Amino acid sequence: MLTMKLLWRTLTGWAVVSGLLFSCQNKGPEFDASGVFEAEEIMVPAEVSGIIEKLNMEEGQTLEVGEVLGYIDSTQLYLKKKQLMAQLGAIDSRLPQIAVQTATFKKQILVIESQIASLDKEKRRIIHLLKVDAAVPKQLDDINGQLEVLERQLGVIQQQDLAQKSVLSTQTKGFQSEKNPLVVQIEQLNDQLRKCLLISPISGTVLTKYAYAKEMAVPGKTLYKMANLNTLVFRAYITGDQLPQIKLNQKVTVLTDSTKESYSSHTGIVTWISSKAEFTPKTIQTKDERANRVYAVKVLVENEGQLKIGMYGDLKFQ
């Protein structure tokens, strides 16, 4: 009887030890907080109205920034632009040609200035002759009289030239004021025509496609959703007691499930720590699961293709 009791105790002891050993072998690595991977998702909308003529992209496709994916029908916008361009051309045809319309005054001014120059030359010759008594004062008086007449004529023509230019300039400004609104409308149409081209705003992956060719696009309607998956954000929650252990730009380790018994390790950098506490999300565990008020933190993690949006992970401070 005693032998049976000893045997039973021995077997029970081995069972306890085996259980402890098994428990230790299956215990995962320690972590400080849990969280979920996120990405900065962009909802790309249409900016103009029209039928989508072409939209060449599919979910999961990787796009480069500036890549042309298709276009929205722009026929009406183009015709409206042609109409405005024709109106501009009509206004330009009515603009006064200031240089042509004042050419006559310029010619008259040149002729008179040439006559004045000749008389000035003759005047200097006569003054020289008077000094040697080879001319009479009347000759000088006659030339001065002619110069005075020509200078008056020159002044009148110059005034007429200025007056004509002023009138033509006023007319030009009036026509220009008619052109300015048309120019602005053409610039608006050019902007809308550019927006008819569907261009990837960032480099990233198409997550969801909401629109297809031959559908109607309206401003604000989401065409597709995309995100840059090369770098993901790991959002975790920590308790107030853990705040002193973490700071901005600190390197941390993010663990994700690799197999049933192993974890993948990823290095991340803390980029944001919430300044106020919030209630613990139901799907998130913290080191102290009894804590009902936690602080959110964001960790930037480089993605080599293993990480997915919505994947759970564990945060370990380094």
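A. Region of the structure containing a nonpolar patch on the surface. A surface patch of nonpolar side chains, amounting to about 350 Å² of accessible area, comprises V68, Y71, L197 and I199. Sorting the residues of the nonpolar patch by element identifies β5 (68-72) and β6 (197-199) as the ones contributing at least two each. Mapping I199 onto the fold places it in strand β6. Note on I199: relative accessible area 37%, which makes it partly exposed.

B. Structural view of the sheet that holds β6. Read from one edge to the other, the open sheet built from four strands follows the order β6-β5-β3-β8, with strand pairing classed as antiparallel. The sheet is open, and its two borders are formed by β6 and β8 (216-217), each paired with just one other strand. As paired elements, β5 and β6 share three bridges and run antiparallel to each other. Across the sheet, the residue bridging to V68 is I199, located in β6. Packed on one face of the sheet, helix α5 (residues 137-196) meets β5 and β6 and runs near 55° to β6.

C. Summary view of the packing of helix α2 (residues 75-94) against α5. One way to put it is that α2 packs onto α5 with a least axis distance of 9 Å and a crossing angle of 160°. Viewed along their axes, α2 and α5 adopt a mutual orientation that is roughly antiparallel. Between α2 and α5 lies a crossing whose hand is left-handed. Contacts between α2 and α5 involve L77, Y78, K80, K81, L84, M85, Q87, L88, I91, D92 and R94 from the former and F175, E178, K179, L182, V183, Q185, I186, L189, N190, Q192, L193 and C196 from the latter.

D. Structural context of the confidence of the model for the chain. On average, residues of the chain carry a pLDDT of 85, and 87% of them reach 70 or more. Confidence, read as mean pLDDT per element, is least for helix α1 (residues 2-26) in the chain (39) and greatest for β6 (97).

E. Spatial organisation of the environment of I273. Tracing the chain through its elements places I273 in strand β12 (residues 263-273). Taking relative accessible area as the criterion, I273 reaches 23% and is therefore assigned partly exposed.

Rules behind the numbers
- Residues numbered from 1 in each chain as written.
- Predicted model: local features only at pLDDT ≥ 70, side-chain atom pairs only at ≥ 80, totals over all residues.
- Heavy atoms only, no water.
- Patch = residues over 30% accessible without salt bridge, like charges linked within 9 Å, V, L, I, M, F, W, Y side chains within 5 Å.
- Areas by Shrake-Rupley, 256 points an atom, 1.4 Å probe, with all protein chains shown as cover.
- Salt bridge = Lys/Arg side-chain N within 4 Å of Asp/Glu carboxyl O.
- Helix = DSSP H or I, 4+ residues; strand = E, 2+ residues; numbered from the N terminus.
- Buried < 20%, exposed > 50% of the residue type's maximum accessible area, 1.4 Å probe, protein only.
- Pairing = 2+ DSSP bridges.
- Contact = heavy atoms within 4.5 Å.
- Axes fitted to C-alpha atoms, helices over the stretch in contact; angles between N-to-C directions.
- Parallel < 35°, antiparallel > 145°, perpendicular 65-115°, else oblique.
- Left-handed = near helix turned anticlockwise from the far one by under 90°.
- pLDDT = per-residue confidence, 0-100.

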